[in-house]
Amino acid sequence: MSQTFRVLICEPLSPRAHEILEDQQGFEVLDHTSASRDEVLEAVKTADALIVRSGTRVDEELLGTGETLKVVARAGIGVDNVDLEAASMRGILVVNAPDGNVITTAEHTIAMMFSLARKIPSAVSSLKGGKWERSRFVGSELSSKTLGVVGMGRVGSQTATFARSLGMNVLAYDPYISAEVLSQRGVSPVDFEELLAKSDYITLHVPKNTETGNLIGAEEIARMRDGVRIINCARGGLINEEALAEALDSGKVGGVAVDVYQQEPPDPTDPLIGRDDVVCTPHLGASTAEAQENVAVSVAKQVVAYLTEGVVGHAVNLPSLSPEVLEQIGPHLDLADRLGDFLAQLAGGGLQTLEVVYGGSIDIPMKALAAAAIKGMLGRFLSSVRVNMVNGLLLAKERGIDVRTTTRTENLLYTDLIELRVKTDSGERSVAGTFLRKNDPRIVRIDDYSVDVALRGYLLVFRNEDRPGMIGQIGTLLGNHNINIAGMQLGRVWQHDMAVAVLILDDPVPEPVMEEVRAIPHVYDACLVRLGFS
């Protein structure tokens, strides 16, 4: 029976997005754009995907109600309305559409800057009021002025490009982008203090978080040029509104343009609303027909790709993996997952550390590889939590597991080799795997012992003293219990030292029989590993 994916849409989207989803075989679209909060909570119980804009509060309550929810898609850039931590801990992917409204938001920023420079809103209001006040609305040119751009992400970079085409000098501050890269984008990299001191206009393009809240306050304004103009089309709460209002009253700040507010819609008593020296718009940065269609189409396609193929596009809480990258590294992620499952059963005891080592011919995001390994390790035993690539590393951190990654550059025996090393309460164990043939993942080493074992089925793994008759004793014991051995692999380093053996079985071994195996003299330990079984 084919699977049906239910997609819950809570806010108006471009009809094109609905078409993309409805044209997919096995997709059911639930349109709740006019639904109440209670109705949304009821509908999300059986939804696989949730698509929202900025008006839906995707909080702990909603995420906890979505028992089958796999992905939340925000049709836009900001995800302020989504509880990312709660989504991640539940293994729910969060994606957005960071490219869909870049041009639109940058254009709006430039439009706001022009409105400040030429006093357009006040002039329009005056003329419509029956007045002719040309001398009152003498403006200033933008050409040759200095624009300070705080945050050189997509929108900030595009705004800088537009400003340079107007003949403006552009200073840029972004602590997460190197000075070399900023210079390549045609801007002058400066520190925050220099940007404040030298800019005629300052525009903010950063997310709202603990570092950027109240980024501009009384102290920062005091360092600015007299008559500076400030634009915020990014997020509310980046500027202290009371300090800004006082600076406008004193003339320190010559004008402000805001499109976003700490509270939306803003309170009528907001200190910036209603002032002639403030240009204010109701969060219109992304409000163009083109942008609305772009972001809606983007998230609709991402939802389809993730649910049907596992392809991760613009992920907010997971490294993005394009179809091309996923096709290349997908088998490696699957191998890491299977090795993690194998090692979790083999090692036993509380997991303390995990090291993921990769050596091979392709470039693999090691964080993704580690997430896949953790998924395999924790997924076997955490029945109360859906463990996947999204929440694997978070769950490991929550449990105090130290996860490390290492890449090898030296020549290897195998073209691609993934090794997992763990330290548990019971000691240290390791396993390594590769692909001997296409679509045939194999274990090629257990601890220090070379083997060649397929990663599927029932595997009886035991360590024993390397002496005659050991395999025979265990084979006889299993035969007496009607358990058939389908294959066998032996590994040792030195003759008459310790050895490892893997018996491939047709059926599982009951725990009482496992106890008999462990009781055989000179058997150090034995474990039944189930691969491909829940």
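A brief structural summary. (Residues numbered from 1 in each chain as written. Predicted model: local features only at pLDDT ≥ 70, side-chain atom pairs only at ≥ 80, totals over all residues. Heavy atoms only, no water.)

## Comments concerning the overall build of the protein
Each helix and strand in the protein was counted, giving 17 helices and 22 strands. Taking 24 Å as the expected radius of gyration for a compact globule of 534 residues, we find that the protein reaches 30 Å, considerably beyond that expectation. By its C-alpha atoms, the protein is 105 × 50 × 35 Å across when sized along the principal axes. Looking at the 534 residues of the protein, the share that counts as buried comes to 50%. Taking the contacts inside the protein whose residues are at least 6 apart along the sequence as the reference set, 63% of them involve residues at least 24 apart. Within the structure as shown, the protein displays about 25400 Å² of accessible surface, and the carbon and sulfur contribution to it stands at 48%. Charged side chains in the protein number 50 positive and 71 negative. The centres of these two groups are separated by 3 Å. (Helix = DSSP H or I, 4+ residues; strand = E, 2+ residues; numbered from the N terminus. Rg over C-alpha atoms; globule rule 2.2 N^0.38 Å. Buried < 20%, exposed > 50% of the residue type's maximum accessible area, 1.4 Å probe, protein only. Contact = heavy atoms within 4.5 Å. Areas by Shrake-Rupley, 256 points an atom, 1.4 Å probe, with all protein chains shown as cover. Lys, Arg positive; Asp, Glu negative; His and termini not counted. Charge placed at Lys NZ, Arg CZ, Asp CG, Glu CD.)

## Digging into the state of the cysteines
A complete count under the given rule lists zero disulfides for this structure. Here Cys233 is not disulfide-linked; the sulfur of Cys280 is the nearest cysteine sulfur, at 12 Å. (Disulfide = S-S within 2.5 Å.)

## As for a nonpolar patch on the surface
A cluster of nonpolar side chains, namely Phe114, Ile120 and Val124, defines an oily patch on the protein surface of about 230 Å² accessible area. Inspection of the secondary structure assignment puts Ile120 in helix H6 (residues 120-128). Among the residues examined, Ile120 registers a relative accessible area of 39% and is labelled partly exposed. (Patch = residues over 30% accessible without salt bridge, like charges linked within 9 Å, V, L, I, M, F, W, Y side chains within 5 Å. Salt bridge = Lys/Arg side-chain N within 4 Å of Asp/Glu carboxyl O.)

## Details of the sheet that holds strand S2 (residues 27-31)
In space, the five strands of this open sheet follow the order S2-S1-S3-S4-S5, with parallel pairing throughout. The open sheet is flanked by S2 and strand S5 (93-95), the only strands paired with a single partner. Between one strand axis and the next, the sheet turns through 20° on average, direction left out of account. As paired elements, strand S1 (residues 5-9) and strand S3 (residues 49-52) share three bridges and run parallel to each other. In the strand pairing of S3, Leu8 is matched with Leu50. Lying over the sheet, helix H1 (residues 15-22) contacts S1, S2 and S3, oriented at roughly 145° with respect to S2. (Pairing = 2+ DSSP bridges. Axes fitted to C-alpha atoms, helices over the stretch in contact; angles between N-to-C directions.)

## Overview of helix H7 (residues 154-165)
Residue pairs spaced three or four apart in an α-helix point in one direction, given the helix's 3.6 residues per turn. End to end, H7 covers 17 Å across twelve residues, agreeing with the expected 16 Å (1.5 Å per residue, within 8%). Within the span of H7, buried status applies to Val155, Gly156, Ser157, Gln158, Thr159, Ala160 and Ala163. Structurally, H7 contributes buried residues whose contacts are with helix H5 (102-118), strand S6 (146-150), strand S7 (169-173) and strand S9 (201-204). One or two positions beyond H7, positive phi appears at Gly167, with a value near 85°. (Expected span 1.5 Å × (residues − 1).)

## Observations regarding the sheet that holds strand S12 (residues 278-280)
Ordered in space as S8-S7-S6-S9-S10-S11-S12, the seven strands form an open sheet in which the pairing is parallel. In the strand order of this sheet, the two ends are held by strand S8 (188-189) and S12, each with one partner. Taken together, the four bridges between S6 and S9 define a ladder with parallel strand orientation. By the bridge assignment for S9, Leu147 is matched with Tyr201. Docked against the sheet, H7 engages S6, S7 and S9, running at close to 170° with respect to S6. Contacting strand S10 (228-232), strand S11 (253-258) and S12, helix H11 (residues 241-250) runs over the sheet at an angle of about 140° to S11.

## So, the environment of Glu61
Tracing the sequence through the fold places Glu61 in helix H3 (residues 60-65). In this structure the C-alpha to C-alpha distance between Glu61 and Ala86, which are 25 residues apart in sequence, comes to 9.5 Å. Once residues within four sequence positions are removed from consideration, Glu61 is found in contact with Arg37 and Leu41. A distance of 3.0 Å separates the side chain of Glu61 from the side chain of Arg37, its partner in a polar contact. (Polar contact = N/O pair within 3.5 Å; in protein donor to acceptor, adjacent residues only side chain to side chain.)

## Here's the deal with the nonpolar core
Of all hydrophobic cores here, the largest spans 83 residues; its most connected members are Leu21 and Phe342. Considering every element that reaches this core, the biggest residue donor is helix H13 (residues 323-347), with eleven residues. Contact partners of Leu21, with chain neighbours within four places excluded, come to Val7, Ile9, Phe27, Val29, Ile51, Ala300, Val303 and Val304. Core analysis: the second largest hydrophobic core is formed by 29 residues, Leu204, Met224, Ala245 and Leu248 among them. (Core = buried A, V, L, I, M, F, W, Y, C linked by side-chain atoms within 4.5 Å.)

## Some thoughts on the packing of aromatic side chains
One pass over the structure, following the stated rule, counts two aromatic pairs. Both rings, one in Phe5 and one in Phe27, keep their centres 5.3 Å apart while their planes meet at 50°; by these two values the pair is tilted. Highlighted residues: Phe5 in strand S1 and Phe27 in strand S2, separated in sequence by 22 residues. This pair shows no difference in class: Phe5 is buried, exactly as Phe27 is. Ring geometry for Tyr173 and Phe192: centres 5.3 Å apart, planes at 35°, overall tilted. In this pair, Tyr173 sits in strand S7 while Phe192 sits in helix H9 (residues 192-198), placing the two residues 19 residues apart along the sequence. Overall, Tyr173 belongs to the partly exposed group, its relative accessible area being 24%. Classification of Phe192 as buried rests on a relative accessible area of 14%. (Phe/Tyr/Trp six-rings, centres within 6.5 Å; stacked < 30°, edge-to-face > 60°.)

## Overview of the pattern of salt bridges
What the rule picks out here adds up to 34 salt bridges. A salt bridge links Arg223 to Glu193; the nearest nitrogen and oxygen atoms lie 3.2 Å apart. Remark: Glu193 occurs in helix H9 and Arg223 occurs in the loop between helix H10 (218-222) and S10; sequence separation between them is 30 residues. For Lys375, the salt bridge is made with Asp337, and the minimal N-O distance between the two is 2.7 Å. Of this pair, Lys375 sits in helix H14 (residues 366-379) while Asp337 sits in helix H13, placing them 38 residues apart in sequence. Owing to a relative accessible area of 28%, Lys375 belongs among the partly exposed residues under this scheme. What emerges from the salt-bridge pattern is a single network uniting Glu355, Arg408, Glu419, Arg421 and Arg445.

## Quick notes on unusual backbone geometry
With an omega of -5°, the peptide bond between Glu264 and Pro265 qualifies as cis. Inspection of the secondary structure assignment puts Pro265 in the loop between S11 and S12. Despite not being glycine, Asn482 shows a phi value in the positive range, around 65°. Structurally, Asn482 is set in the loop between helix H16 (470-480) and strand S20 (485-492).

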